[in-house]
Amino acid sequence: MEDTRNVIDKYKGLPVEAIAKDLAQKALPLHIAIENYQHDYNIGTIVRSANAFNVAGVHIVGKRHWNRRGAMATEKYLQVYHHKNVQELALWSKENNLEVLGIDNIAGSVPLHKSKIPKQAMLVFGQEGPGLSAEMQAICTKIIAIEQFGSTRSINLGVAAGIIMYEYLSKQILE
Ligand SMILES: C[S@@+](CC[C@H](N)C(=O)[O-])C[C@H]1O[C@@H](n2cnc3c(N)ncnc32)[C@H](O)[C@@H]1O
């Protein structure tokens, strides 16, 4: 029977568990966290990009339920963690030897082209509207901003996450 799933050819015909296991063995030591107090519709897009770049895990902070539209079922192939609050995420990151960095263009943030993202990193994104919460900012060693040149205050959250994941990949893995 034809495998109609949206997976690359080498995974066609394999069970989900076998694909997830293979990906986990080669995953980048990069984790992505998203604050989820308002069911941001971008989370699905971020999960899909996280799978495409093979990051080790996506962390949902706040509400357990997240909007899966945009994920295109990619959540089955990578670890998605839930943390009730910011302190739980901070503890998990410490226990797993990950530096927590915020991604937002707020006062005190450093431009991306002047920042080196550490290899063992937990990169935290805020929500459309409020951005990174003050509590989340407080656990970050620094906040990184993607430079902008137009009139809009910010770019879309899913787009910002894609840019940052590729920047990590190009500087830490491909260079
Ligand atoms: C649409 S923004 C909202 C907050 C934004 N600070 C503002 O004033 O409009 C939602 C999230 O997208 C990400 N984001 C959007 N534009 C960004 C940029 N230029 N640099 C870094 N992160 C950005 C951040 O994670 C942010 O918390």
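Attention now moves to the nonpolar core. Most often, soluble globular proteins keep nonpolar side chains buried together rather than apart. Counting 37 residues, the largest nonpolar core has Ile32, Ile34, Ile46, Val124 and Ala161 as the members making the most contacts within it. No other element matches helix H5 (residues 157-174), which puts six residues into this core. Discounting chain neighbours no more than four positions away, the residues touching Ala161 are Ile32, Ile46, Ser49 and Phe125.

Time to look at the site of the ligand. In the region of the ligand, 18 residues are neighbours, and Phe125, Gly126, Gly131, Ile146 and Ser154 sit closest. Split by residue class, the shell around the ligand holds nine nonpolar, six polar and three charged.

This paragraph deals with the pairing of strand S1 (residues 28-36). On any regular strand, side chains alternate: one points to one face of the sheet, the next to the other face. Burial analysis of S1 places seven of its nine residues in the buried class, which makes it a mostly covered element. Inspection of the sheet shows S1 paired to strand S2 (residues 55-62) by seven bridges, in the parallel sense. Directly across from Ala33, in S2, lies its bridge partner His59. Handedness of the crossover is the feature at issue here: the chain leaves S1, passes through helix H2 (residues 43-53), returns alongside S2, and the resulting connection is right-handed. Pairing of S1 with strand S6 (residues 121-125), which is carried by five bridges, proceeds in the parallel orientation. Bridged to Ala33 within S6 is Val124.

Attention now moves to H2. Since there are 3.6 residues in each turn of an α-helix, residues three or four apart along the chain are aligned in direction. When you tally the buried positions in H2, you get eight out of eleven residues, the bulk of the element. Regarding H2, the residues found buried are Ile43, Gly44, Thr45, Ile46, Val47, Ser49, Ala50 and Asn51. Packing partners of the buried residues in H2 comprise S1, S2, strand S3 (79-83) and H5. Looking at the residues trailing H2, positive phi occurs at Asn54, about 60°.

Okay, unusual backbone geometry next. Phi is positive for Met72, which is not a glycine, with a value near 50°. Here Met72 lies in the loop between S2 and S3. The phi angle at Asn97 is positive, at roughly 60°, despite the residue not being glycine. Note on placement: Asn97 falls in the loop between helix H3 (86-95) and strand S4 (99-103).

Axis separation between H2 and H5 bottoms out at 9 Å; the angle between their running directions is 15°. Judged by the angle between their axes, H2 and H5 are roughly parallel. Viewed along their axes, H2 and H5 form a crossing whose handedness is right-handed. Residues Thr45, Ile46, Ser49, Ala50 and Phe53 of H2 form the contact with H5, whose participating residues are Gly158, Ala161, Gly162, Met165 and Leu169.

Pairing between S4 and S6: five bridges, direction parallel. By the bridge assignment for S6, Ile103 is matched with Phe125. Taken together, the two bridges between S4 and strand S7 (residues 143-145) define a ladder with parallel strand orientation. What sits directly across from Gly102, in S7, is Ile143.

For H5, built from 18 residues, the straight-helix expectation of 26 Å at 1.5 Å per residue is met to within 8% by its first-to-last C-alpha distance of 24 Å. By the burial criterion, the buried members of H5 are Leu157, Gly158, Ala160, Ala161, Ile164, Met165 and Tyr168. Buried residues in H5, looked at end-on, bunch into an arc of 155°, giving them a common side. Away from its buried face, by an angle of more than 90 degrees, H5 presents the exposed residues Ser170 and Leu174. Looking at the buried residues of H5, the elements they touch are S1, H2, S2, S4 and S6.

The rules behind each value
- Residues numbered from 1 in each chain as written.
- Predicted model: local features only at pLDDT ≥ 70, side-chain atom pairs only at ≥ 80, totals over all residues.
- Core = buried A, V, L, I, M, F, W, Y, C linked by C-beta atoms within 7 Å.
- Buried ≥ 20, exposed ≤ 12 C-beta atoms within 10 Å, placed from the backbone.
- Helix = DSSP H or I, 4+ residues; strand = E, 2+ residues; numbered from the N terminus.
- Contact = placed C-beta atoms within 7 Å.
- Near = placed C-beta within 6 Å.
- Nonpolar A, V, L, I, M, F, W, Y, C, P; charged D, E, K, R; others polar.
- Pairing = 2+ DSSP bridges.
- Right-handed = clockwise from strand over helix to strand, strands pointing away.
- Axes fitted to C-alpha atoms, helices over the stretch in contact; angles between N-to-C directions.
- Parallel < 35°, antiparallel > 145°, perpendicular 65-115°, else oblique.
- Left-handed = near helix turned anticlockwise from the far one by under 90°.
- Expected span 1.5 Å × (residues − 1).
- Arc of directions from axis to C-beta.

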